[in-house]
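Fold and contact review
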Amino acid sequence: MPIRSATARWQGNLTEGSGTIKTGKGGIQGNYSFKSRFEEGEGTNPEELIGAAHAGCFSMAFSKALADAGFTPTSVETVAKVHMDKTDAGFSVTKIDLETVGDVPGVDDGTFQKIAEDAKANCPISRLLSPGAEITLSAKLA
């Protein structure tokens, strides 16, 4: 398996500085700052990138699990809401809410829910994040 990389460059102090984030092959690039991370400023932040990674990983894992069970999805769309809170140890990602909608012909809701929960537990990014953050899932059929 290839090793994936990303880079970040920060200039200046924490509250007035700014930086850029870029994935290894340049598919995603963005500016970030104190305001984009801790307030509602323009740009991206590490937590959004974690959310994008988790939503992408879960959507792929869920699609594969559905197909393995005999239900080829037309689409799976997932939003990951990353909660960062101040804890005794400092700022921490404490929770990620996955909200997914699947257009999956022929599957009943009970089977859909079971496969979604299995995908949540087994996607590589969930396994990475779950020891430190609670991961919730809301799965709906389109």
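As annotated in an unreviewed UniProt entry, the protein chain is OsmC family protein from Paractinoplanes ovalisporus.

What follows deals with helix α2 (residues 46–68). Over its 23 residues, α2 extends 33 Å from the first C-alpha to the last, a length consistent with the 33 Å expected when each residue adds 1.5 Å. For α2, every residue scored as buried is listed here: E47, G51, H54, A55, C57, F58, S59, F62 and L66. The N-cap of α2, judged by a side-chain oxygen 3.1 Å from the amide nitrogen of E47 a few residues on, is N45. G70 occupies a position one or two residues after α2 and carries a positive phi of about 95 degrees.

Bringing the sheet that holds strand β5 (residues 90–103) into the picture now. The strand order β4-β5-β6 describes an open sheet built from three strands, whose pairing is mixed. Sheet topology places β4 (75–87) and β6 (134–141) at the edges, where each strand pairs with a single neighbour. The average angle at which neighbouring strand axes cross in this sheet is 15 degrees, direction not considered. Along the sheet, α2 makes contact with β4, β5 and β6, crossing β4 at roughly 140 degrees.

Right, let's talk about the pairing of strand β2 (residues 18–23) for a bit. Note that strand β1 (residues 6–11) and β2 share six bridges and pair antiparallel. Bridge pairing in β2 places T7 opposite K22. Between β1 and β2, which follow one another and run antiparallel, lie six residues, and G12 among them has a positive phi close to 95 degrees. The loop that links β2 with its antiparallel partner strand β3 (residues 29–33) comprises five residues; one of these, G26, has a positive phi angle of about 80 degrees.

In this section: helix α3 (residues 109–122). Between its terminal C-alpha atoms α3 stretches 20 Å, which fits the 20 Å expected from 14 residues at 1.5 Å a residue. Taken residue by residue, α3 has F112, I115, A116, A119 and K120 as its buried positions. End-on, the buried residues of α3 take up no more than an arc of 140 degrees, which puts them together on one face. Capping of α3 at its N-terminal end is provided by D108; its side-chain oxygen lies 3.1 Å from the backbone amide nitrogen of G110.

Next up on the list: the side chain of H54. In this structure, H54 sits in helix α2. Residue class for H54 comes out buried when judged on its relative accessible area of 0%. Beyond its immediate chain neighbours, meaning those up to four positions away, H54 contacts A80, I96, L98, C123, I125, S126, L129 and I135.

Turning next to the pattern of salt bridges. Within the structure shown, the criterion is met by six salt bridges. One salt bridge in this structure joins E47 and R37, with 2.7 Å as the shortest N-O distance. One end of the pair, E47, is in helix α2; the other, R37, is in helix α1 (residues 34–38), and 10 residues separate them in sequence. On the basis of relative accessibility, which here comes to 9%, the residue E47 falls in the buried class. For K95, the salt bridge identified is with D97, shortest N-O distance 3.8 Å.

Moving on: the confidence of the model for the protein chain. On average, residues of the protein chain score 96 in pLDDT, and 100% of them are at 70 or above. Ranking the elements of the protein chain by mean pLDDT puts α1 last, at 95, and α3 first, at 98.

Reading the values: the criteria
- Just so you know, the residues in each chain are numbered from 1, in the order the chain's sequence is written.
- Only residues with pLDDT of at least 70 get local features here, since the model is predicted, and only at 80 or more are side-chain atom pairs given and counted; chain-wide, interface and lining totals rely on the full set of residues.
- In computing side-chain values, all of the structure's heavy atoms are included and hydrogens and water are not.
- Helix and strand assignments come from DSSP, with helices taken as H or I runs of at least 4 residues and strands as E runs of at least 2, each series counted from the N terminus.
- What a helix should span is 1.5 Å times the count of its residues minus one.
- In this scheme, a residue with accessible area under 20% of its type's maximum is buried, one over 50% is exposed, and one in between is partly exposed, where area comes from a 1.4 Å probe on protein chains only.
- Pairs of N or O atoms are called polar contacts if they sit within 3.5 Å, as long as, within protein, a hydrogen donor faces a hydrogen acceptor (for residues adjacent in sequence, only side-chain-to-side-chain pairs).
- DSSP-based pairing: two strands are paired if at least 2 bridges between them are found.
- Simply put, an axis is a line fit to the C-alpha atoms, just over the touching stretch for a helix, and the angle between two N-to-C directions goes from 0 to 180 degrees.
- In this description, contact between two residues means that some pair of their heavy atoms is separated by no more than 4.5 Å.
- The arc in question is formed by the directions pointing from the helix axis toward the C-beta atoms.
- Whenever Lys or Arg places a side-chain nitrogen within 4 Å of a carboxyl oxygen from Asp or Glu, that contact is recorded as a salt bridge.
- Each residue carries a pLDDT score, the predictor's confidence in it, ranging from 0 to 100.

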